[in-house]
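# Breakdown of the fold
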Amino acid sequence: RVAGFFAGLGVTPGEPVALLLPNGFDFVRVWLGLMRLGAVVVALNTELKGAFLAHQLADTGCRLAVADAARLERVAEVAARLPALEILVSDAAPAELPPRLRVVPLSAWRAATPFSGPLPAAADTACIMYTSGTTGPAKGVLMPQAHCFLFGLGTIDNFALTPDDRFYICLPLFHANGLFMQLGATLIAGASAALRERFSASAWIADIRRAGATASN
């Protein structure tokens, strides 16, 4: 349904879509929906704002951006520098928005027709993640579908994950470790996950005990 929702907004296979969401079910739904559609998930650091955020959105030329309330305001602040941006997908509404942009509620995915198109190929670009930018502006890394899958498969092999395991995930899903090496591995293995919005040193052990987690990173 999420793939069908984005297809209904005109998103086509190979098209980049920016994702600015914290760890949670919305992130997982949008990520999997866009991957199923064959679109390219542009997974952006949720702490980005101003020129750093504008650079990465402009660099990918995204027509759509998906954001929660806090990040939506940041996108709205730099929207004038992003001529390619047309649609903001969010269940929030920014205080001020250029008239050329429209907001579509993310919750509308529930009423969408499930997507039944072809699956993407192993060599198709699945995701763009940005480098830290320590030697200049951050650079987008193009990650094929097979690359993303093999991250998870490598974790399964190294952790000996089985369907009986539960992975405690507190690293950000906009990073390859949290998304592919942890959550992706969990899904491929048929295991379960306990997902926290962000790392907490004081809550880490208590969370693991409460969740009955067998693996973490």
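Look up: the structure comes first, before these words.
Basis of the calculations
- Residues numbered from 1 in each chain as written.
- Predicted model: local features only at pLDDT ≥ 70, side-chain atom pairs only at ≥ 80, totals over all residues.
- Heavy atoms only, no water.
- Core = buried A, V, L, I, M, F, W, Y, C linked by side-chain atoms within 4.5 Å.
- Buried < 20%, exposed > 50% of the residue type's maximum accessible area, 1.4 Å probe, protein only.
- Contact = heavy atoms within 4.5 Å.
- Pairing = 2+ DSSP bridges.
- Helix = DSSP H or I, 4+ residues; strand = E, 2+ residues; numbered from the N terminus.
- Axes fitted to C-alpha atoms, helices over the stretch in contact; angles between N-to-C directions.
- 1 Å grid on protein atoms, 1.4 Å probe; cavity = no way out; pocket = protein on both sides within 12 Å on 5 of 7 lines; lining within 4 Å.
- Points joined across faces, edges and corners; volume = space filled by probe spheres on them.
- Nonpolar A, V, L, I, M, F, W, Y, C, P; charged D, E, K, R; others polar.
- Disulfide = S-S within 2.5 Å.
- Parallel < 35°, antiparallel > 145°, perpendicular 65-115°, else oblique.
- Salt bridge = Lys/Arg side-chain N within 4 Å of Asp/Glu carboxyl O.
- Right-handed = clockwise from strand over helix to strand, strands pointing away.
- Expected span 1.5 Å × (residues − 1).
- Arc of directions from axis to C-beta.

## Quick notes on the nonpolar core
Counting residues in hydrophobic clusters, the biggest one holds 46 residues, and the most contacted among them are Phe5, Phe6, Trp31, Val66, Val89, Cys127 and Phe180. When near neighbours in sequence (up to four residues on either side) are disregarded, cysteine 127 contacts Val40, Val41, Ala43, Val141, Leu142, Met143, Cys148 and Phe180. Counting residues in hydrophobic clusters, the runner-up holds 23 residues, among them Val42, Ala54, Leu82 and Leu88.

## Examining the sheet that holds strand β8 (residues 166-169)
What the 3 strands build is an open sheet, ordered β9-β8-β10; its pairing is parallel. Each edge of the open sheet is held by one strand with a lone partner, namely β9 (192-195) and β10 (215-216). Lying over the sheet, helix α7 (residues 204-211) contacts β8, β9 and β10, oriented at roughly 155° with respect to β8.

## A few points about the layout of surface pockets
The computed volume of the largest pocket comes to approximately 450 Å³. Lining the largest pocket are 23 residues, and of these Gln56, Tyr130, Thr131, Ser132 and Ala138 sit closest to its centre. With 4 residues, helix α3 (residues 50-60) is the largest single contributor of residues to the lining of the largest pocket. Partitioned by chemical class, the residues of the lining of the largest pocket number 13 nonpolar, 9 polar and 1 charged. Put simply, the second largest pocket is a space of about 240 Å³.

## Description of the state of the cysteines
Inspection of the entire model under this criterion finds 0 disulfides. Cysteine 148 provides the cysteine sulfur closest to cysteine 127, a residue in no disulfide bond, and the two sulfurs are 5.4 Å apart. A residue is classified by how much of its surface remains accessible, and cysteine 127, at 1% relative accessible area, is buried.

## Thoughts on the packing of helix α5 (residues 145-159) against helix α6 (residues 176-189)
The description of two helices packed together rests on the angle between their axes and the distance between the axes. At a minimum axis separation of 7 Å, α5 and α6 run at an interaxial angle of 70°. In terms of their interaxial angle, α5 and α6 are classed as roughly perpendicular. Of the residues in α6, those in contact with Cys148, Phe149, Phe151, Gly152, Leu153, Thr155 and Ile156 of α5 are Ala176, Phe180, Met181, Gly184, Ala185, Ile188 and Ala189. Per-class residue counts for the contact of α5 with α6 are 11 nonpolar, 3 polar and no charged.

## Details of unusual backbone geometry
With the exception of glycine, most residues fall at negative phi, and the peptide bonds are largely trans. Positive phi, close to 55°, is recorded for alanine 160, a residue that is not glycine. Within the element layout of this structure, alanine 160 appears in the loop between α5 and β8.

## Section: the pattern of salt bridges
Taken as a whole, this structure holds 7 salt bridges when the rule is applied. Between arginine 198 and glutamate 47 there is a salt bridge; the shortest N-O distance is 3.5 Å. Placement of the pair is arginine 198 in the loop between β9 and α7 and glutamate 47 in the loop between β2 (40-43) and α3, with a sequence separation of 151 residues. Here arginine 198 falls in the exposed class, since its relative accessible area comes to 52%.

## Some thoughts on the pairing of β8
Pairing between β8 and β9: 4 bridges, direction parallel. Among the inter-strand pairings, arginine 166 is bridged to a residue of β9, identified as serine 192. The β-α-β motif built from β8, the intervening α6 and the parallel element β9 has right-handed crossover chirality. In this structure, β8 lies alongside β10, joined through 2 bridges in parallel fashion.

## What about α5?
Given a rise of 1.5 Å per residue, 15 residues ought to cover 21 Å, and the 22 Å separating the end C-alpha atoms of α5 matches this to within 8%. Those residues of α5 lying buried are Gln145, Cys148, Gly152, Thr155 and Ile156. Within α5, the buried residues cover an arc of 110° as seen down the axis, which keeps them to one side. Residues of α5 that are exposed and point over 90 degrees away from its buried face: Leu150, Asp157 and Asn158. Contact partners of the buried residues in α5: α2 (25-37), β6 (125-130), β7 (140-144), β8 and α6. Alanine 160 sits one or two residues past α5 and shows a positive phi near 55°.

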